Amino acid sequence: MTRGGQNNVEGRFSCRKGLALVVAALMLFYIYMWYSQDDIQEWQEPLQLRRTHFNPHLVYASEKSMVVCLVPKVASTVMLMLVKRMNGDPNWSSRLMHDIRNVYREEIRNDDLENPNFIKMAMVRNPVDRALSAYLNKILSARRYSLLPEGSWGEDKVAEPPTFEEFVDIIESAPRQSLDIHFRPQSLVCETDTVSYTKFLDFEEREKGVKKFLESVDLWEDMGASGWGPNGTAPIFAEMENVKHLSSKIRPATVSVERDEKVQQYYTPEILNKVFRIYEMDFVAFEEFGWSRDVSTYLDLSST
C-alpha cells in the first residue's frame, strides 16, 4: 500500500473513532435528560433520605400494613411462610427461601419505614446460638465454604471443613458488613440503625412471642392458631416437623441456649469472647432480651 493510501485508511479510522465518541456523548446526554432531576438527586442522596429502600430481607406483609425482617438462621423459613400467608399467597406453605427474591423483590417506601403507626417487626436470636447454628448447617454439614470471606478456605464440598474456632477466627477477621448474610450481625441485616422497629421477637420464646404479637394485631386466629404442622392442624411453631431442613437441627423451645449441649461441646471461653466481640452490636441493639456476655452463663467452668 502506498503512503497516501495508508494515510487515507488512518484518516477514515480516526474519523470513525471520533464519530463513535460523539454518539456515546449524545447517548449519555439523552439518558441524563430522560431521568428527572429528582431521580438523579435521589441516586446521590444518602440511603436514609431516599424515597424508597431495597433490602431483600425486608418484606411487606398483611396487605402492606407491616414490614417484616427475615433473618437467616432465625426460623426465617417459617417467618417467610407466615408473611406469604398474611399476603394471601395460596402457596404460602412453600419452604423455598428463594421465594424472597422471586416473589417479594420490591422496594420499601421510606414513608412506611418512618411512619410510627406502620408495624415493623423482626425475630432475632442470641448470637452465641446463631453463630453455632450457621457453622453446623452451612459449613460443617453443607460444606459451603464459598459463603466464607473470599480465599479463606478451600473449594466447596472438597476441602475438610474448618473447626468451629477456625470459622470464628475467619469471620472475626472480616468486616462485619461484608460477611455472608448467614454470619452477618442481625442488626446489619435488619438495618436497625435506620429502621425504627415496632417489635422484636426473641427466637428463644418464638412460640409464645409470635402468638402474643399476632394477637396484638388481630391476626392470631386467621394466621397462627392452626394450619401448621404436618397435618395442618397445629399452631405456628408448635411443631417444627413441617420444616424438614430445620427439624433435625433446631433446638426445642424448652431448652435454652445456656443449657444446649452443642454450646457446651463447641464453645470454649476463648471462642465465646470472640463471638461476643464479633456480635457486640447485636447484644447492644437487642439488649431488651438480656442476652448474657458472661462466659460462665454458657459454660460450666467448675471443672476447669
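Here's a quick rundown of the structure. As the structure is a computational prediction, the values presented were derived from the model and not from experiment. (Residues numbered from 1 in each chain as written. Predicted model: local features only at pLDDT ≥ 70, side-chain atom pairs only at ≥ 80, totals over all residues. Heavy atoms only, no water.)

### Details of the nonpolar core
Part 1 of the reasoning: Counting 78 residues, the largest nonpolar core has Met66, Met123, Phe167, Phe183 and Tyr267 as the members making the most contacts within it.
Part 2 of the reasoning: Residue contacts for methionine 123: discarding those within four places in its chain leaves Cys69, Val71, Val74, Ala75, Met79, Leu201, Asp202, Phe203, Arg206, Val210 and Phe237. (Core = buried A, V, L, I, M, F, W, Y, C linked by side-chain atoms within 4.5 Å. Buried < 20%, exposed > 50% of the residue type's maximum accessible area, 1.4 Å probe, protein only. Contact = heavy atoms within 4.5 Å.)

### Quick look at the sheet that holds strand E3 (residues 66–69)
Part 1 of the reasoning: The strand order E2-E3-E5-E6 describes an open sheet built from 4 strands, whose pairing is mixed. Two strands in the sheet have a free side with no partner beyond their single neighbour: strand E2 (58–61) and strand E6 (199–202). The mean angle between the axes of side-by-side strands here comes to 25 degrees, regardless of whether they run parallel or antiparallel.
Part 2 of the reasoning: Bridge count between strand E5 (residues 119–124) and E6: 4 bridges; the pairing is parallel. The residue bridging alanine 122 from the neighbouring strand is phenylalanine 200, located in E6.
Part 3 of the reasoning: Where helix H3 (residues 76–86) meets the sheet, it contacts E2, E3 and E5, and its direction lies at approximately 35 degrees from that of E2.
Part 4 of the reasoning: In the packing of helix H9 (residues 206–216) onto the sheet, the strands contacted are E3, E5 and E6, and the crossing angle to E6 comes to about 155 degrees. (Pairing = 2+ DSSP bridges. Helix = DSSP H or I, 4+ residues; strand = E, 2+ residues; numbered from the N terminus. Axes fitted to C-alpha atoms, helices over the stretch in contact; angles between N-to-C directions.)

### Regarding the packing of helix H7 (residues 164–172) against helix H13 (residues 269–278)
Part 1 of the reasoning: It is at 10 Å that the axes of H7 and H13 come closest, and there the two elements cross at 25 degrees. In terms of orientation, H7 lies roughly parallel with respect to H13. When you trace H7 past H13, the crossing you get is left-handed. Here Phe164, Glu165, Val168, Asp169, Ile171 and Glu172 of H7 lie close against H13, whose contacting residues are Ile271, Lys274, Val275, Arg277 and Ile278.
Part 2 of the reasoning: Its residues assigned to classes, the contact of H7 with H13 comprises 6 nonpolar, no polar and 5 charged. (Parallel < 35°, antiparallel > 145°, perpendicular 65-115°, else oblique. Left-handed = near helix turned anticlockwise from the far one by under 90°. Nonpolar A, V, L, I, M, F, W, Y, C, P; charged D, E, K, R; others polar.)

### Some details on the environment of tyrosine 267
Part 1 of the reasoning: Relative to the helices and strands, tyrosine 267 is located in the loop between helix H12 (261–266) and H13.
Part 2 of the reasoning: For tyrosine 267, a relative accessible area of 4% gives the class buried.
Part 3 of the reasoning: Along the sequence, tyrosine 267 and valine 128 sit 139 residues apart, while their C-alpha atoms lie 9.1 Å from each other.
Part 4 of the reasoning: Those residues in contact with tyrosine 267 that sit more than four places away from it in its chain are Pro127, Val128, Ala131, Leu132, Phe164, Leu272, Val275 and Leu299.

### Details of the packing of aromatic side chains
Part 1 of the reasoning: This model, assessed by the stated rule, comprises 16 aromatic pairs.
Part 2 of the reasoning: Their ring planes at 50 degrees and their centres at 6.1 Å tell us that phenylalanine 276 and tyrosine 298 sit as a pair that is tilted. Here tyrosine 298 lies in helix H15 (residues 295–298) and phenylalanine 276 lies in helix H13, a separation of 22 residues in the sequence.
Part 3 of the reasoning: Residue tyrosine 298 is classed as buried on the basis of its relative accessible area of 1%.
Part 4 of the reasoning: Above the face of the phenylalanine 203 ring, arginine 206 is positioned so that its terminal group lies 4.2 Å from the ring centre. (Phe/Tyr/Trp six-rings, centres within 6.5 Å; stacked < 30°, edge-to-face > 60°. Lys NZ or Arg CZ within 6 Å of the ring centre and 35° of its normal.)

### A few points about a nonpolar patch on the surface
Part 1 of the reasoning: Together, Leu19, Val22, Val23 and Leu26 give the surface a local cluster of nonpolar side chains, amounting to about 340 Å² of exposed area.
Part 2 of the reasoning: Along the polypeptide, leucine 26 turns up in helix H1 (residues 3–34).
Part 3 of the reasoning: Judged by its relative accessible area of 43%, leucine 26 is partly exposed. (Patch = residues over 30% accessible without salt bridge, like charges linked within 9 Å, V, L, I, M, F, W, Y side chains within 5 Å. Areas by Shrake-Rupley, 256 points an atom, 1.4 Å probe, with all protein chains shown as cover. Salt bridge = Lys/Arg side-chain N within 4 Å of Asp/Glu carboxyl O.)

### So, unusual backbone geometry
Part 1 of the reasoning: With a phi angle near 70 degrees, lysine 73 is a residue other than glycine that sits in the positive phi range.
Part 2 of the reasoning: With respect to the helices and strands, lysine 73 occurs in the loop between E3 and H3.
Part 3 of the reasoning: Positive phi outside glycine occurs at arginine 143, with the angle close to 55 degrees.
Part 4 of the reasoning: For arginine 143, the location among the structural elements is in the loop between helix H6 (127–141) and H7.

### Let's talk about the environment of glycine 224
Part 1 of the reasoning: Along the polypeptide, glycine 224 turns up in helix H10 (residues 220–224).
Part 2 of the reasoning: The contact partners of glycine 224, leaving out residues within four places of it in the chain, are Arg85, Leu214, Leu219, Pro235 and Ile236.

### A look at the pairing of E2
Part 1 of the reasoning: Of the two faces of E2, both are covered, the one formed by Leu58 and Tyr60 as well as the one formed by Val59 and Ala61.
Part 2 of the reasoning: Across 4 bridges, E2 lies against E3 in antiparallel orientation. Within E3, the residue paired with tyrosine 60 across the bridge is valine 67.
Part 3 of the reasoning: The hairpin turn running from E2 into E3, its antiparallel successor, is 4 residues long, and serine 62 in that turn takes a positive phi close to 55 degrees.

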